[in-house]
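A closer look at the structure
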Amino acid sequence: MPFAVTHVLTSIICIDLYRDYFTKHKKHFTLFTILVAGIAGLLPDIDISLSWLLSKLGITASWLAHRTITHTPIFALLFLIPGLILWYNKKHKLATLFLVATFGILLHIFLDMVLSPEGSIMLLWPFSTADFSLGLLSGNVLGAYAALDAILLLAWLTHEEIKHKIKDFI
Ligand SMILES: [Zn+2]
């Protein structure tokens, strides 16, 4: 799977670019929204820490195996549904946070599917254990992941410097 930092970065960058160029609701996007984007981008991998924690407590949670429940659209729905309800109840700022979280989770699943040589996202779990993978990278991918992070970070920092003089983040 891609590095944790890749998941955080891609989600933050997408939401930041969306805020800069596409949204008609710029005022709903704050620095906190960007933080939520970063956390949500990594959130599906919480299965790793949760099952580690449970195993330390002597509990085996096979339903929490890596890349099952938290790597499905069902997990994203847990955020999408409250997001939509809040939006229609005119709680736009809070709704934006849930919708951003939904996006971060879906992006994570997509990246795992595209960039993991071992593939295997069980998208339809628990209904089916069929593996989905595009497996664009294969073999020893750690160097590629590291390069990807460096390129992403540099490109984004350059964008921020040109667009905002990084003033948003000070
Ligand atoms: Zn993952």
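For the structure itself, look to the data block above.
Summary of the structure given here. (Residues numbered from 1 in each chain as written. Predicted model: local features only at pLDDT ≥ 70, side-chain atom pairs only at ≥ 80, totals over all residues. Heavy atoms only, no water.)

1. A word on the nonpolar core
Among soluble globular proteins, nonpolar side chains are generally buried collectively. Rule in force here: Buried Ala, Val, Leu, Ile, Met, Phe, Trp, Tyr and Cys residues that are joined via side-chain atoms within 4.5 Å together make up what is termed a nonpolar core. Partly exposed describes any residue whose relative accessible area lies between the buried limit of under 20% and the exposed limit of over 50%, with all areas from a 1.4 Å probe on protein chains only and scaled to the type maximum. Here a helix means four or more residues in a row that DSSP labels H or I, a strand means two or more in a row labelled E, and each is numbered from the N terminus. Note on contacts: a residue pair qualifies if any of its non-hydrogen atoms lie within 4.5 Å across the two residues.
Counting 13 residues, the largest nonpolar core has I15, V36 and V100 as the members making the most contacts within it. Within the residue set of this core, elements represented by two or more residues are α1 (4–21), α2 (31–42) and α5 (92–115). Once you skip the residues sitting within four places of it in the chain, V36 turns out to touch L97, V100 and A101.

2. Remarks on the coordination of the zinc ion
Going by this rule: A 2.8 Å cut-off from the metal defines N, O and S donors, relaxed to 3.2 Å for Na, K and Ca; water is not in the atom list, so some sites may appear incomplete.
Protein coordination of the zinc ion is provided by D45 (OD), H71 (NE2), H108 (NE2) and D112 (OD), with donor distances spanning 2.1 to 2.2 Å. Spacing between the donor residues of the zinc ion along the chain follows D-x25-H-x36-H-x3-D. Taken together, the residues span a long stretch of sequence, with H71 in the loop between α3 (46–56) and α4 (73–88) and D112 in helix α5 at a distance of 41 residues.

3. Side note on the environment of F98
Along the chain, F98 turns up in helix α5. The class for F98 is partly exposed, based on a relative accessible area of 25%. The spatial distance from the C-alpha of F98 to the C-alpha of L78 is 9.2 Å, given a sequence separation of 20 residues. The contact partners of F98, leaving out residues within four places of it in the chain, are F79, P82, G83 and L86.

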